[in-house]
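Spelled out from the first residue to the last, the chains are:
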Amino acid sequence: MTLEEAYRAYHDPNVPTKRLLLALQDIADAAADTHVGGMGAQPMYHFNNEQFAASHAVLQARWGRLVGALKTREVAAARYLLGTSLAALQDFYSHSNWIELGHDSILEGLGLPSGTLPDVARFDEETCVTCLNNGVDCKSHLTDSILASGLLTSEYVTNMGYTPLPGKCQLPPRQARRGRKVVGGISKDLPSACFSPRPDLHNRAALLAAQATAHYLTALRQAVGNELFHHLLSLHPRPAVAIVTDGRKDFTETLLNSLPFGTLGLSEPEEYLLVFYSNTLRGGGGVFRSGSATALVQALKSSLVDDSAAALRDPLAGLHTAAHAALPDTEVFMLTESAPLGGNTGANMPLHTRELLLRKRIKVMPLVVGHILQKDETAQNQSSKTNSSYDTWIWGNVSAIPLEPEPAEGEQELLSASRVYQILAEFALVTGGHVIDVPTATDLRSALAAVKQQYFQGEVVLYRDISGSSAKIINITVDNRVQAVGISLYGTFVSATMTADGGSITDLLGAPPTTTRNPYRVNQVPVTPDIMKYKVGRTFMLVRSALAKKIKYLTLTYLPSGVASVIVTASSAADIIPSFYHADVNSSYPSLQRLSHPSSSGMHEYLGVSVPGIDTASLQRVISVELTPLASPDSRSLKLPTTSPRFITYARLNDSSTLPLLPFSVVYKAQDSEGRDLVRMSQQIQLPCEFRVCLGSGREVWGSRGTKLSVHFSLTNTAETDETFTINAADSLGYPIVLSRKSVRVVSKKSVNLVLFVHLPTRVNAFQQLVNHTEHRTYDISSIKSVSNSLVITATSPKGQYSSVVAYVIDTSDVEDGEMFVTRNVTHL
């Protein structure tokens, strides 16, 4: 049974497994991160150079931080900590002589607070024989004294600046030609004699590494409980729901009536998160979380904010707080009104917020109440601000909304409704959501009822046309995995119709009914027994069609009366997960390193496409993987290594300069086991970038309160010309941050190393409250031992391009490495 099959057997055959696979990908990416940069060069992260005590101490120290991160629902940080720990744990069996000493079971206490290590060879003790000498038996590579004494030893990595004493096990340099065997050393990383001195022991090392991983995960599950462990791996069938809202009474009362998503006959979300931005100014309060809608409703009733607090309203800071506090894959409903808003957003806050949203794959659905300010041509022509990130929110098109001048130092920034709307529209666009204009606060229930029908049902994208203005006739393939189709129309249209398999025409536009309505299905229009229509406000229409019988294709015809967007989604377990990779050419072993962002211009990259949920019998055939919009006529399809059935397809991207210059999607075409076409489209991928920000020593930074932490990072310029970049950093808890340089000029094809300093204050605000499921009481999380802070470092070019990286700053003042460990006698999963 595969992992996907087991997941569906536990939940439901039609439940999507994408979130589970993405959680595992996050952990695997963190593990791969330990083999690059400063972490890859440090033996203590890999049990190399006989640094067993240091490696074991790192794992023990990380255990308390890992448990603490999970207990505060900081799942993104926990996945990173887990991935780096598992990488080191697995390296122990590959880089040491544990197997040569005759052990056929794991070292159970390795990396755990109560664990101890066996004796290790002295630094001046000979451990390996020289295999180049004639007549020397190199079958084991180890000296007889080491084998007889049972002392631990490990390979020394000589190509990372370390020179071991004679007689130590050394990892030979990587061979330039295939077919040549490496000599010396005890590494078992790969089953190839071209790369590993002991390929014959690779399978045994891999088996023990797998057993050690299961043992570690079982210990973690026992330490944090099943609920938090489910958050770690996204085992819940539905994503979490976050509501970012004004504290106004009418908004809150609307939420009280519309919050219970279980009324749709679906299981409850993974978690409920509520953020009041009326008192949320980075590091402040106003965040509640609970697994129970009833408990959160009780918290809402006791937390109504008086309308007089409106002067403090800062929806962008509220969204930033939600981006930090929310679980990965959360669906965010952002409720605000189109009136002048104030707050400490700062010039670069939207970039940092966007980075957090993209890292966690959080979808934002802004619902804006009231009339948006109209275009002011005069003000725009007089505006002196150019090339701002706010100017280019739709695929590089300059917005018609003017911008205000930047505030003076120490002055609060006032954002007009038009500018807030523009930023929120950008967040919705890049995260896969919509902006919905709601005329009045009383229409919020109608909006929530509609969007609840579209989201949380495993929706995958079949077709997307963002900001289009021309008439189109589109044929959309519908495979036998699709159970229902949703068509979202945003904007104004002259006409919009749909036909199924060339049958009768269905008008997608129309007025809402005047008869009595179901309170949870507002504005339903029964077009046919299988089609329901939801009209929200002036500009948003959602049409859902449950497929009573299997159809092969839908024909969608529409004519916008202005700029409009059309997105067609399907309820289906089949989806695609595109990821960019680059070859880890500097490593001693061949590998692909996943990138968090698309390729940098001019670099050779790979595109991997995972397809979860299709044909468990493995009878599906891959036809093509394409990019849309296309970069050029000759780049219609990427080269595939094979057309045989496979769940993961790696398409060679020979030159990233051929990538589309605008945000693009990956289109996957295949045939299922019945020979029917299957087409899936990914969410939009960000613009390619000509530079990249990297953290050289990993994304994990920890220290106690009152200390100053240094965060080292590098900036690589892959452009053909020298560029000057602006450097910024922002966090989520209001820590003081000092940048050594605000801008830096980087030569073409070169890198520079930079550093910033983060001051951990002596008193850290606990900005969340946990809501008890049964007693509806709230508990301040300040009593929990570890709090992680999301630090986003951003570099921006004069062209408006940006590259960012996220670090996890962890407060460990009260963490004792062993206090959170439950028992050494672990019952396996």
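Worth saying up front: this structure is predicted, and the values here are computed from it rather than measured.

(A) Representation of the overall build of the protein. Counting secondary structure elements, the protein contains 15 helices and 37 strands. The buried share of the protein, reckoned over its 829 residues, is 56%. Carbon and sulfur atoms make up 52% of the accessible area of the protein, which amounts to about 33400 Å² in all.

(B) How the structure looks around the sheet that holds strand β27 (residues 691-695). One open sheet accounts for 4 strands, arranged β27-β29-β33-β31; its pairing is antiparallel. What marks the edges here is a single partner per strand, and that holds for β27 and β31 (737-739). This sheet shows a mean twist of 25° between the axes of neighbouring strands, independent of strand direction. In this structure, β27 lies alongside strand β29 (residues 708-717), joined through 5 bridges in antiparallel fashion. Residue pairing in the sheet places Cys-694 in a bridge with Ser-714 of β29.

(C) Fine view of the packing of aromatic side chains. A complete count under the given rule lists 10 aromatic pairs for this structure. Here Phe-47 and Phe-52 contribute two aromatic rings whose centre-to-centre distance is 6.1 Å and whose plane-to-plane angle is 45°, an arrangement assigned as tilted. Like Phe-52, Phe-47 is buried. Taking 4.5 Å as the distance between ring centres and 50° as the angle between the ring planes, the aromatic pair formed by Phe-691 and Phe-725 counts as tilted. With Phe-691 in strand β27 and Phe-725 in strand β30 (residues 723-730), this residue pair connects regions lying 34 residues apart in the sequence. Judged by its relative accessible area of 2%, Phe-691 falls in the buried class. Following the ring pairs from residue to residue traces out a cluster consisting of Phe-47, Phe-52, Phe-92, Tyr-93 and Trp-98. Arg-65 extends its terminal NZ or CZ atom over the ring of Trp-702, reaching a point 4.0 Å from the ring centre. Across the ring face of Phe-757, the terminal group of Lys-708 is positioned such that the distance to the ring centre comes to 4.8 Å.

(D) The sheet that holds strand β18 (residues 553-560), seen in detail. If you walk across this open sheet you meet the 4 strands as β12-β18-β14-β15, and the pairing is antiparallel. Of all strands in the sheet, those with a lone pairing partner are β12 (472-477) and β15 (506-507), marking the two edges. Strand direction decides the pairing type here: β12 and β18, joined by 6 bridges, are antiparallel. By the bridge assignment, Asn-475 is partnered in β18 with Thr-555.

(E) How the structure looks around the state of the cysteines. If you walk through the whole model with that rule in mind, you get 1 disulfide. Each sulfur in the disulfide pair Cys-128 and Cys-169 lies 1.8 Å from the other. As the torsion about the S-S bond is roughly 85°, the Cys-128-Cys-169 disulfide counts as right-handed. One end of the pair, Cys-128, is in the loop between α5 (75-95) and α6 (144-149); the other, Cys-169, is in the loop between β1 (156-157) and β2 (170-171), and 41 residues separate them in sequence.

Analysis parameters
Residues numbered from 1 in each chain as written. Predicted model: local features only at pLDDT ≥ 70, side-chain atom pairs only at ≥ 80, totals over all residues. Heavy atoms only, no water. Helix = DSSP H or I, 4+ residues; strand = E, 2+ residues; numbered from the N terminus. Buried < 20%, exposed > 50% of the residue type's maximum accessible area, 1.4 Å probe, protein only. Areas by Shrake-Rupley, 256 points an atom, 1.4 Å probe, with all protein chains shown as cover. Pairing = 2+ DSSP bridges. Axes fitted to C-alpha atoms, helices over the stretch in contact; angles between N-to-C directions. Phe/Tyr/Trp six-rings, centres within 6.5 Å; stacked < 30°, edge-to-face > 60°. Lys NZ or Arg CZ within 6 Å of the ring centre and 35° of its normal. Disulfide = S-S within 2.5 Å.

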